[in-house]
Amino acid sequence: MSVQMEDWVQNLCNPNFAKSIKPQTKKDTLYPPGYTPTDKNDEKSTANLSHARPAVDLDALQVQKAWQIALQPLKSLPMNFFMSYMSGTSLQIIPIVAALMLLSGPIKAIFSVKQAFKPVLGNPRTSSTITGAILLYIIGQCALMYIGIRKLNQMGLIPNTKSDWLAWEPQVNYNGGLKSVVV
């Protein structure tokens with residue numbers, strides 16, 4: 001009993017067979033619903049048009065990206081405020097570290113503003129709009145720092161009352177120079 005091999009199996013490694021296959025025409029090919037094929041000439045003309053974008057679109061995209069970067073700290077305000085509220089005011093390591101991170105993170109972000117806005121800087125047509133976005137970014141970072149300072153104050157770690165500075169207050173003699181009768 002012999003096994004009959006399929007035609008494509010016999011000609012799998014035959015380079016002449018690949019040349020003898022005729023490509024299907026567009027009329028014979030079934031396309032998925034919603035797809036309409038275009039000619040090769042049409043594809044080249046649309047490719048040339050897509051590469052020649054006007055500069056106004058790129059400027060608008062840069063401005064949009066700058067505002068997205070600027071709004072990131074403001075979007076994280078509610079979450080950070082809620083986390084600050086939920087961590088409590090006890091003097092434990094987790095609330096203290098969370099409050100210090102709310103201070104150190106924005107400080108680092110303010111000093112690296114140019115790095116954050118690096119993808120959109122350098123275009124003179126959009127520099128005034130991007131400057132406004134940078135200012136909003138800094139304001140958002142300052143709001144995050146305010147949450148951290150407020151948290152440290154609630155825990156009593158910021159010395160802002162008179163009782164925190166008693167060591168430097170001059171001593172007051174309430175005797176007025178009177179000697180006590182009790183020895």
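Cut-offs and rules
- Residues numbered from 1 in each chain as written.
- Predicted model: local features only at pLDDT ≥ 70, side-chain atom pairs only at ≥ 80, totals over all residues.
- Heavy atoms only, no water.
- Helix = DSSP H or I, 4+ residues; strand = E, 2+ residues; numbered from the N terminus.
- Areas by Shrake-Rupley, 256 points an atom, 1.4 Å probe, with all protein chains shown as cover.
- UniProt positions renumbered as here; feature names shortened; annotations may be inferred.
- Salt bridge = Lys/Arg side-chain N within 4 Å of Asp/Glu carboxyl O.
- Polar contact = N/O pair within 3.5 Å; in protein donor to acceptor, adjacent residues only side chain to side chain.
- Contact = heavy atoms within 4.5 Å.
- 1 Å grid on protein atoms, 1.4 Å probe; cavity = no way out; pocket = protein on both sides within 12 Å on 5 of 7 lines; lining within 4 Å.
- Points joined across faces, edges and corners; volume = space filled by probe spheres on them.
- Nonpolar A, V, L, I, M, F, W, Y, C, P; charged D, E, K, R; others polar.
- Patch = residues over 30% accessible without salt bridge, like charges linked within 9 Å, V, L, I, M, F, W, Y side chains within 5 Å.

K.L.:
Before we move on, could you go through the overall build of the protein and cite the residues and values that matter?
P.N.:
If you tally the helices and strands in the protein, you get eight helices and zero strands. Helices and strands in the protein line up, N terminus first, as α-α-α-α-α-α-α-α. For the protein, the accessible area works out to roughly 15000 Å², and carbon and sulfur atoms hold 63% of it.

K.L.:
Describe the UniProt feature "transmembrane region" (unreviewed entry) in the protein, and please don't skip the residues or the numbers.
P.N.:
The sites that UniProt annotates as "transmembrane region" (unreviewed entry) are residues 82–107 and 127–149. Between the C-alpha atoms that bound residues 82–107 the distance is 21 Å, and the span itself is 77% helix and 0% strand. Secondary structure content for residues 127–149 is 100% helix and 0% strand, while the C-alpha to C-alpha distance between its ends is 33 Å.

K.L.:
Describe the pattern of salt bridges, listing the residues and the values that go with them.
P.N.:
Applying the stated criterion to the full structure yields one salt bridge. The closest approach of N and O atoms between R125 and D59, which form a salt bridge, is 2.7 Å. Here R125 is found in the loop between helix 7 (113–116) and helix 8 (127–155), whereas its partner D59 is found in helix 4 (residues 55–75), with 66 residues between them in sequence.

K.L.:
Can you explain the side chain of K151? Please cite residues and give values.
P.N.:
By the secondary structure assignment, K151 is in helix 8. A distance of 3.2 Å separates a polar atom in the side chain of K151 from a polar atom in the side chain of S87. With residues up to four places along the chain from it excluded, the contact list for K151 reads S84, S87, G88, T89 and A99.

K.L.:
Now, about the layout of surface pockets: what can you tell me, with residues and values included?
P.N.:
Approximately 190 Å³ is the volume attributed to the largest pocket. Forming the walls of the largest pocket are F81, S84, Y85, G88, T89, Y146, I147, R150, K151 and Q154. Elements with a contribution of two residues or more to the lining of the largest pocket: helix 5 (77–86) and helix 8. The biggest single contributor to the lining of the largest pocket is helix 8, with five residues. Here the lining of the largest pocket is composed, by residue class, of four nonpolar, four polar and two charged.

K.L.:
I'd like a rundown of the side chain of N123, residues and numbers included.
P.N.:
Its location among the elements puts N123 in the loop between helix 7 and helix 8. Within polar-contact distance, the side chain of N123 engages the side chain of D59 at 2.6 Å. Within the structure, the side chain of N123 is placed 3.2 Å from the backbone nitrogen of R125, a separation counted as a polar contact.

K.L.:
Any chance you could break down a nonpolar patch on the surface for me, citing the residues and the numbers?
P.N.:
A cluster of nonpolar side chains, M5, W8, V9 and L12, forms an exposed patch at the surface whose accessible area comes to about 440 Å². Note on placement: V9 falls in helix 1 (residues 7–10).

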